[in-house]
Amino acid sequence: MANHGVASFDYTYDVFLSFRRGVHRAFIDHLYKALDGIDIKTFKDDDKEESTTEEEETNPDLIEKIERSRISVVVLCKDFPFSTRCLDEVAKIMECYEKKTMQVVGLFYDGVTAADVRWQKEDRAYGKAITQHKERLGLGEESDKIKTWRSALSRVCDLIALNCDKKYETELISMIVKGVSARLPPLRLQIKDVIGLDSRFEEVKSHLDIGNNDAVQMLAICGPPGIGKTTFAAYIYNNIINHQYIAASFISNIRDKPKVEDLQSTLLSEMGEKRESRRGDTDGGGREIKRKLSVKKVLLVLDGVDKIEQLKSLAGGCDWFGPGSKIIITTRDATLLNRHRVKIKRYQMTELSDDDSRKLFCWYAFDGGEPAQNFANLVPQALSIAKGIPLALKKLGSRLKDRSLDEWEMELDRYNKVPEAFEFLLKSFGN
């Protein structure tokens, strides 16, 4: 059964390691270090390794750490079920899974099999442990606690499960790390220029309805080339990526990628899925996207859309994605949205304010926020030429940087007299 996930709060950890202190300590340490080594934030309960108390209650702080983790790796060894703390942990983990806030990987360690864990037979470790707990705690088979433990152990076997042979622990750890990495949302995007984006983000918050985990929201950012659509989409992406998306993808420059089937394959891959439909079959690819992503809360940016076929094949409807998903589209052509017949909210990009235009231009022209001495009188002329368009401000500032006062005057005079010269400078840039 595939893992799924749609969450409703911020995560603190990428991975929660659930294990019994009977597990070979070196294995847990090596797994932890391998995850930590590639910046996967992992919680390992070191107190558990030092504890000698068999029946210690699971403390509220540990419960919160489970709830705040994206993925749990449950290491099921022979001693695991003899600790009520471990059983409470796995019960909480499976509760989070059922709420679609967590993905789970079960690891059968040191001779334990899926059958041992699933069926809990009386003559095997997991069955013996449950019997001991029943007798010690005076609980019947139908008690809520016993039923919860049995159900959680059985359910974990239905999820991603790996068998651990001690001879191949290194290979197994590598496999776990690779699998966990593939299931974590991508890191934040690198954005150099954020001037003027804070206020724009406040304007689109209501369109995205960020706190709503029930509905799918689609937002189109529209505007002419160079106005900053891609940069703004990346800014939004970075500001909401921590809102518990199980997968995320930023597909850039779509207009330069003519094969829709390639875009579909990229989308599925970046969402942690492998394409199964036949290449060239865009309808089949669309159905596959819907089937695989409709159970996932995802964040998707489709940048540079210029054909209706791209929208129909990559985001054919809100029901293609799980509840709480956010789909952001950037396009020069707002009219194609009318033909998509899907509810898409729109945000029209406008020119930067005079103050933000000055800040952005000076950042590129002077490596700082203020004009260099003797150049201040020429800045308003440069801003007039750029007309508040971010790309124009960047390119003009970069072109004039480190030039003499005379060169500034000549260059600005040329752009004023021959506007086509400045348009040519911008022609090959932006979207």
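Residues numbered from 1 in each chain as written. Predicted model: local features only at pLDDT ≥ 70, side-chain atom pairs only at ≥ 80, totals over all residues. Heavy atoms only, no water.

- As recorded by an unreviewed UniProt entry, the protein carries the name TMV resistance protein N and is attributed to Arachis duranensis.

**A look at the state of the cysteines**
- One pass over the structure, following the stated rule, counts 0 disulfides.
- Lacking any disulfide linkage, Cys86 is separated from the closest cysteine sulfur, that of Cys77, by 7.3 Å.
- Overall, Cys86 belongs to the buried group, its relative accessible area being 2%.
- With no disulfide partner, Cys318 has as its closest neighbouring cysteine sulfur the one in Cys222, 16 Å distant. (Disulfide = S-S within 2.5 Å. Buried < 20%, exposed > 50% of the residue type's maximum accessible area, 1.4 Å probe, protein only.)

**Describing the pattern of salt bridges**
- Applying the stated criterion to the full structure yields 32 salt bridges.
- Residue Arg85 pairs with Asp45 through a salt bridge whose shortest N-O separation is 2.3 Å. Of this pair, Arg85 sits in helix 4 (residues 84-98) while Asp45 sits in the loop between strand 2 (42-43) and helix 2 (46-50), placing them 40 residues apart in sequence.
- Arg85 gets classed as buried once you look at its relative accessible area, which sits at 6%.
- The partner of Arg291 in a salt bridge is Glu276, and the shortest N-O contact between them spans 3.6 Å. (Salt bridge = Lys/Arg side-chain N within 4 Å of Asp/Glu carboxyl O. Helix = DSSP H or I, 4+ residues; strand = E, 2+ residues; numbered from the N terminus.)

**A short note on the packing of aromatic side chains**
- Summed over the entire model, instances satisfying the criterion amount to 10 aromatic pairs.
- For the ring pair Tyr237 and Phe250, a centre distance of 5.8 Å and an interplane angle of 80° mean the geometry is edge-to-face. Taken as a pair, Tyr237 in helix 10 (residues 229-240) and Phe250 in strand 7 (residues 247-251) lie far apart in primary sequence, 13 residues in all.
- Accessibility expressed as a relative area gives 1% for Tyr237, which makes it buried.
- For Phe250, a relative accessible area of 16% gives the class buried.
- One aromatic cluster in this structure is built from Phe361, Phe366, Phe375 and Trp408.
- Directly above the ring of Tyr32 sits Lys44, whose terminal nitrogen or CZ lies 5.5 Å from the centroid. (Phe/Tyr/Trp six-rings, centres within 6.5 Å; stacked < 30°, edge-to-face > 60°. Lys NZ or Arg CZ within 6 Å of the ring centre and 35° of its normal.)

**A word on the side chain of Lys229**
- With respect to the helices, strands and loops of the structure, Lys229 is situated in helix 10.
- Put simply, Lys229 is tucked away with no salt bridge, and the nearest opposite charge, on Asp303, sits 7.2 Å away.
- Looking at Lys229, its side chain comes within polar contact range of the main-chain oxygen of Pro224, at 3.0 Å. (Lys, Arg positive; Asp, Glu negative; His and termini not counted. Polar contact = N/O pair within 3.5 Å; in protein donor to acceptor, adjacent residues only side chain to side chain.)

**What about the nonpolar core?**
- One finds Phe27, Val73, Leu76, Val104, Val117 and Val180 to be the most contacted residues of the largest nonpolar core, which totals 53 residues.
- Core analysis: the next-biggest nonpolar cluster, separate from the first, contains 30 residues, Cys222, Leu268, Leu300 and Val342 among them. (Core = buried A, V, L, I, M, F, W, Y, C linked by side-chain atoms within 4.5 Å.)

**Focus on unusual backbone geometry**
- The backbone of Asp39 sits at a positive phi, close to 60°, despite the residue not being glycine.
- Within the element layout of this structure, Asp39 appears in the loop between helix 1 (25-36) and strand 2.
- A positive phi angle, near 55°, is found at Lys387, a position not held by glycine.
- Along the polypeptide, Lys387 turns up in the loop between helix 16 (379-386) and helix 17 (390-400).

**Notes on helix 4**
- Compared with an ideal rise of 1.5 Å per residue, which puts 15 residues at 21 Å, helix 4 spans 21 Å between its outermost C-alpha atoms and is within 8% of the ideal.
- Across the 15 residues of helix 4, 13 count as buried, placing the element largely inside the fold. (Expected span 1.5 Å × (residues − 1).)

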